[in-house]
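Read off the chains here:
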Amino acid sequence: MGEVERGEEAEAPPKQVAVAMERLGDAARLIAEIRLGADRLLEAIFLTSLSPHQQNTTTTTITTTTTTTTTTTTTTNSNNKKTISNKKALQLIAKEEINMRQHFQHLRSLGRKLEASGVLSGTLRAQDNGSWGLHMPLVCPDGAVVAYAWKRQLAGQAAASAVDRTRLALKAFTDQKRRFFPHLEDESLSQEKSGEFAISKKLRCSFGPTSSDLQHDIVDEIITERKTLSDILTGLETDAPNLKIFTYQRLDWVKRASSLSSSLTKENCGDSLKDSKFPTFSKLMMGTTGTQELDRVAVIELWVPSVFRAVVSLNPAGSVNPDSVAFFSPDEVGTYIHSRGSSVHHVYQHLTDNAGKALQYFLGTRSHASLDLLFKWMSGYQTLFTKLCRYVSKCSCLLAMDKPSGLLLPPVYRPFQQLPPKQNASSTQPNSAAKDQSSDASHAYHIGCVPGEA
Amino acid sequence: MPVKWLLHWQPNAGTTINSQVLTEVSQCVEGINGIKGGRWKSTLSIYKAIARDLNAPLECARDFLGISFQEQPNKHYFILRGQRLVLEADSNIQSIMEKLQSYRTRISLNIEGFQYQLGDFLVKMGKVVITHSENLRGIVMEVEYLPISSLEKSRQIMEEFVDIWQELVSRKSLPGHFMHIEPNFSEYGLSDPYSFQHTAVQYVTVMIQLMASVRN
């Protein structure tokens, strides 16, 4: 059993989910069989309690089951309409007992397998609040809302990222639908503006806004002086001077990605890019057609020399609505470098994953400031290879072994949940807490050192 | 080009290096989830000038090192230590030197072994042997961090990796330890972005150390 489990652990999360779902299906079937068996036992016992006369008249619908546990072909044998003697009933009961015992054994072994694969855990069993939850939507710790609690528990991390990916896919789909089929826009779509599921949106209304939501709203009203793309990018330039910003129209990025190889040595030498074909944002704005060009900008590249290159896609072009984001090594070349691409290096793959989650969080909770917040959060990664992990008691080093993947990684996590505004000039709520949190924004953690997560 | 640090095995005073050490450190790499890859090989040669006329003073360099890497088969790198020069040449320079009878190979060393993938790190563990000989002269370890190509930016990460590595190896209680010597790249006119020239200079530094320890 140990060998099989080890082999299963090496499978990809989707396979694990499929296997777990299959096992749960088997478990459900076994439970149904057990219920049927219990019914049959009860009927048999009931019949034995009847008088022989009553036994004659009662139409017996006791089904003689076959000994197979999977199929449930019920054959109402007409012969059974005769009087069933107590002996026969006893035989039935005995046979049923054997079947039930088998079912229970199978169920027990299934349960052990599910426990081993992490689907059932002690904490879940301890939660006796009826959150096997077919009735109550559950709000998970990271704010996601799922209709069924056990679906969330199923594959642990894989399910969490699957929810994120589904949300990303849903958002992309609704955006595209809105763009290409505006005549199809109906009431349900308008509710999904923030990108959350419709269920959760209704829930939020029914439970009323939480205090943190209120705080966010008030704060956003105050700090979003940066409403236009130009403001956001200018603000980013001043906040993070080491970050180089490039803007592109959608098709220009493809040209840029393929020309990366030729300009690689130039960049490495630290020369300012003399390539006038792709000017930096500041140079663009200095030109006369700057603002008009900005209306067509669909791809933004953030480049920190020797640290990372990030690509953000805007949808629609010229808006402040980020669509997708990806991180790469500054030395990577190739046409796979775009906002939905994936780096060849594990470090940047993790950054891209985190960025996707952060993006979804910003879009879900503070959608009108999402681009600004995303950029602020991304600029925290300038210290990717220098900032030590914040988990002081256990870690506080740069390189650490990430247990699940077995890789040595720098602190790739930057918190995004409490990203406050930087300017607190005229805020009306107490800002002492916010000031403390603003330094938290660029704290770095290894994957396994993140506070509040397993 | 990704940054690479070269470490070499420094045996304890009075002990000699043996192949058991190589096996043990290879096991260490596999212990931290290193995935064994293919073989790798570099060739290092020490050239000596062939003096035609014994009395006439030599105007050119008396001796220098040449090194070639498996990843760049069409290039050959020369290092002149005295003048702090590193030079990239085409690989057929060796046949030219032979034809011109200007320099001959005094010693030729092979550095060969296996490479291991550790996530974003690429580790090459190699033994140093004189060509056509089986005698183990030294152990060399190349550590490459693939995402970064800047020496300065990668310094902290590489230092931490070396620390982690040293700790792992020390648990095996072997007679010696790995050492990393950072050569003065700026003396050779090399800048921050990493290149094959940097590797060549690191190898030279390592070779000097190895020869010194062999002599002792």
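As annotated in an unreviewed UniProt entry, chain B carries the name Mediator of RNA polymerase II transcription subunit 20 and comes from Amborella trichopoda. Database annotation for chain B, UniProt heading Sequence similarities (unreviewed entry): "Belongs to the Mediator complex subunit 20 family." As stated in UniProt under Subcellular location (unreviewed entry), the record for chain B gives "Nucleus".

Draft legend 1. Looking closely at the overall build of chain A. Across its full length, chain A holds 17 helices and eight strands. The proportion of buried residues among the 454 residues of chain A is 40%. A fraction of 60% describes how many contacts in chain A between residues 6 or more apart in sequence connect residues 24 or more apart. Of the roughly 24,700 Å² of accessible surface on chain A, a fraction of 58% belongs to carbon and sulfur atoms.

Draft legend 2. Inspection of the packing of aromatic side chains at higher detail. Applying the stated rule across the entire model yields 24 aromatic pairs over all chains. Seen in terms of ring centroids, phenylalanine 308 of chain A and phenylalanine 327 of chain A are 5.1 Å apart; in terms of plane orientation they differ by 65°. Their pairing is edge-to-face. Of the two residues, phenylalanine 308 of chain A is situated in strand 5 (residues 308-314) and phenylalanine 327 of chain A in strand 6 (residues 322-328); the sequence distance between them amounts to 19 residues. For phenylalanine 308 of chain A, a relative accessible area of 0% gives the class buried. The structure contains a cluster of three or more aromatic residues connected by ring pairs, namely Phe308, Phe327, Tyr361, Phe362, Trp377, Tyr381, Tyr413, Phe416 and Tyr445 of chain A. When the ring centre of phenylalanine 246 of chain A is taken as origin, the NZ or CZ atom of arginine 256 of chain A, which lies over that ring, is 5.5 Å away. The aromatic ring of phenylalanine 114 of chain B is capped on one face by lysine 36 of chain B, whose charged end is 4.1 Å from the ring centroid.

Draft legend 3. Focus on the pattern of salt bridges. Residues and elements named next belong to chain B. Summed over the entire model, instances satisfying the criterion amount to 18 salt bridges over all chains. For glutamate 187, the salt bridge is made with arginine 84, and the minimal N-O distance between the two is 2.6 Å. Residue glutamate 187 is located in the loop between strand 9 (176-180) and helix 4 (196-215), and its partner arginine 84 is located in the loop between strand 4 (75-80) and strand 5 (85-90); the two are separated by 103 residues in the primary sequence. Assessed through its relative accessible area of 42%, glutamate 187 is described here as partly exposed. With relative accessibility at 34%, the residue arginine 84 sits in the partly exposed group.

Draft legend 4. Region of interest: the interface of chain B and chain A. Contacts between the two partners involve 19 residues from chain B, matched on the other side by 23 residues from chain A. Here chain B and chain A share an interface that buries about 1,800 Å² over both sides, 60% of which is from carbon and sulfur atoms. Across the chain B-chain A interface, the total number found is zero salt bridges. Run the count over chain B and chain A and you get seven residue pairs in polar contact (both at pLDDT 80 or more).

Draft legend 5. Structural detail: the pairing of strand 7 (residues 121-130) of chain B. Residues and elements named next belong to chain B. Among the 10 residues in strand 7, eight count as buried, and that is most of the element. Taken together, the 10 bridges between strand 6 (residues 103-118) and strand 7 define a ladder with antiparallel strand orientation. When the sheet's bridge partners are listed, asparagine 110 is paired in strand 7 with valine 129. In this antiparallel pair of consecutive strands, strand 6 and strand 7, the connection spans two residues, and glycine 119 shows a positive phi of 65°. Here strand 7 runs beside strand 8 (residues 136-145); their pairing, made up of nine bridges, is antiparallel. When the bridges of strand 8 are listed, valine 128 appears paired with glycine 138.

Draft legend 6. Layout of unusual backbone geometry. Residues and elements named next belong to chain B. One non-glycine residue, asparagine 33, lies in the positive phi region at around 65°. Looking at the secondary structure, you find asparagine 33 in the loop between helix 1 (19-31) and strand 2 (35-49). Located in the positive-phi region is serine 173, a residue other than glycine, with phi close to 55°. When you line up the elements, serine 173 lands in the loop between helix 3 (151-170) and strand 9. Residue serine 173 is classed as exposed on the basis of its relative accessible area, which comes to 62%.

Conventions adopted
Residues numbered from 1 in each chain as written. Chains lettered and ligands numbered in written order. Predicted model: local features only at pLDDT ≥ 70, side-chain atom pairs only at ≥ 80, totals over all residues. Heavy atoms only, no water. UniProt positions renumbered as here; feature names shortened; annotations may be inferred. Helix = DSSP H or I, 4+ residues; strand = E, 2+ residues; numbered from the N terminus. Buried < 20%, exposed > 50% of the residue type's maximum accessible area, 1.4 Å probe, protein only. Contact = heavy atoms within 4.5 Å. Areas by Shrake-Rupley, 256 points an atom, 1.4 Å probe, with all protein chains shown as cover. Phe/Tyr/Trp six-rings, centres within 6.5 Å; stacked < 30°, edge-to-face > 60°. Lys NZ or Arg CZ within 6 Å of the ring centre and 35° of its normal. Salt bridge = Lys/Arg side-chain N within 4 Å of Asp/Glu carboxyl O. Buried area = accessible area lost by both parts, 1.4 Å probe. Polar contact = N/O pair within 3.5 Å; in protein donor to acceptor, adjacent residues only side chain to side chain. Pairing = 2+ DSSP bridges.

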